[in-house]
Amino acid sequence: MIVLNGGSSSGKSSIARRLQELLPEPWLHLGADTMVSALPPRLLAGGEGIGGLDDGDGTVEVGPAFAALDAAWTVGVAAMARAGARIVVDEVFLGGAASQQRWRTALEGLDVLWVGVRCAPEVAAAREAARGDRVAGMAAAQAESVHRGVSYDLVVDTSQSSAGECAQALLARATAPH
């Protein structure tokens, strides 16, 4: 398992796709966007679900129905890894250290590489604007908050290195003898 954590538009998905090309075995790429796209539309408007993805000031609000499904998703991804799937998880730890602890508990006993994907807020905001599919302000709001209290085996910075260079650094770390 490789867990990438970073804010919106930090480059996690680009790194994951490059890793899939570089790793010798097939790896699945699953993450926050995968989970959110599987939700029923009624849970995308806030309240019980998740809010702030389509409007607002960039703040994401999580309700109890989303939190329960997200917890089940985490356990499900871990079960896939235990069944032999190699997985790159592309995540946004909205709860910082508490989010990582939820993943740590689910992944207990598995070999996991924890990777922080950092990006300067202004660079992430420019990417967010260019993408056109994110609420303005989300990238800047998450750039630092998702890393608070989180510990990593490796940290990469996509405002300093390309996705390919970051993927190469992860590959070197993932394939190094333990």
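Residues numbered from 1 in each chain as written. Predicted model: local features only at pLDDT ≥ 70, side-chain atom pairs only at ≥ 80, totals over all residues. Heavy atoms only, no water.

**Some points on the overall build of the protein**
A tally of helices and strands in the protein yields 7 helices and 7 strands. Listing each helix as α and each strand as β along the protein from the N terminus yields β-α-β-α-β-β-α-β-α-β-α-α-β-α. Its C-alpha atoms give the protein a radius of gyration of 16 Å, within 12% of the compact-globule value 16 Å for 178 residues. Taking the principal axes of its C-alpha atoms as reference, the protein extends roughly 45 × 35 × 30 Å. (Helix = DSSP H or I, 4+ residues; strand = E, 2+ residues; numbered from the N terminus. Rg over C-alpha atoms; globule rule 2.2 N^0.38 Å.)

**Observations concerning empty space enclosed by the protein**
For the structure shown, the criterion picks out 1 cavity of 30 Å³ or more. Approximately 40 Å³ is the volume attributed to the largest cavity. If you trace the largest cavity, you find it lined by Gly7, Ser8, Ser10, Val117, Arg118, Cys119, Ala124, Ala139, Ala143 and His147. At the level of elements, strand 6 (113-118) and helix 6 (138-145) are the ones that each hand at least two residues to the lining of the largest cavity. Here the lining of the largest cavity is composed, by residue class, of 5 nonpolar, 4 polar and 1 charged. (1 Å grid on protein atoms, 1.4 Å probe; cavity = no way out; pocket = protein on both sides within 12 Å on 5 of 7 lines; lining within 4 Å. Points joined across faces, edges and corners; volume = space filled by probe spheres on them. Nonpolar A, V, L, I, M, F, W, Y, C, P; charged D, E, K, R; others polar.)

**Points about the nonpolar core**
In this structure, Ile2, Leu4, Ile15, Leu19, Val115, Val156 and Leu170 are the most contacted members of the largest nonpolar core, which totals 17 residues. Mapped onto this core, the elements with two or more residues apiece are strand 1 (2-5), helix 1 (12-22), strand 6, strand 7 (154-157) and helix 7 (163-175). The dominant element in this core, judged by the number of residues it contributes, is helix 7, at 4 residues. Excluding residues that lie within four positions of it along the chain, leucine 4 makes contacts with Lys12, Ile15, Ala16, Val88, Val89, Asp90, Glu91, Val115, Val117 and Leu170. (Core = buried A, V, L, I, M, F, W, Y, C linked by side-chain atoms within 4.5 Å. Buried < 20%, exposed > 50% of the residue type's maximum accessible area, 1.4 Å probe, protein only. Contact = heavy atoms within 4.5 Å.)

**Description of the packing of aromatic side chains**
Each aromatic ring pair is characterised by the separation of its centres together with the angle its planes make. Enumeration over the complete set of coordinates arrives at 0 aromatic pairs. In this structure, arginine 104 packs its charged tip against the face of tryptophan 114, placed 4.7 Å from the ring centre. (Phe/Tyr/Trp six-rings, centres within 6.5 Å; stacked < 30°, edge-to-face > 60°. Lys NZ or Arg CZ within 6 Å of the ring centre and 35° of its normal.)

**Focus on the sheet that holds strand 6**
Strand order across the open sheet formed by 5 strands is 2-5-1-6-7, with parallel pairing between neighbours. Of all the strands in the sheet, the pair left with one neighbour each is strand 2 (28-31) and strand 7. Neighbour-to-neighbour, the strand axes of the sheet open up by a mean angle of 20°, direction not taken into account. When strand 1 meets strand 6, the two strands line up parallel, connected through 4 bridges. In the strand pairing of strand 6, valine 3 is matched with tryptophan 114. (Pairing = 2+ DSSP bridges. Axes fitted to C-alpha atoms, helices over the stretch in contact; angles between N-to-C directions.)

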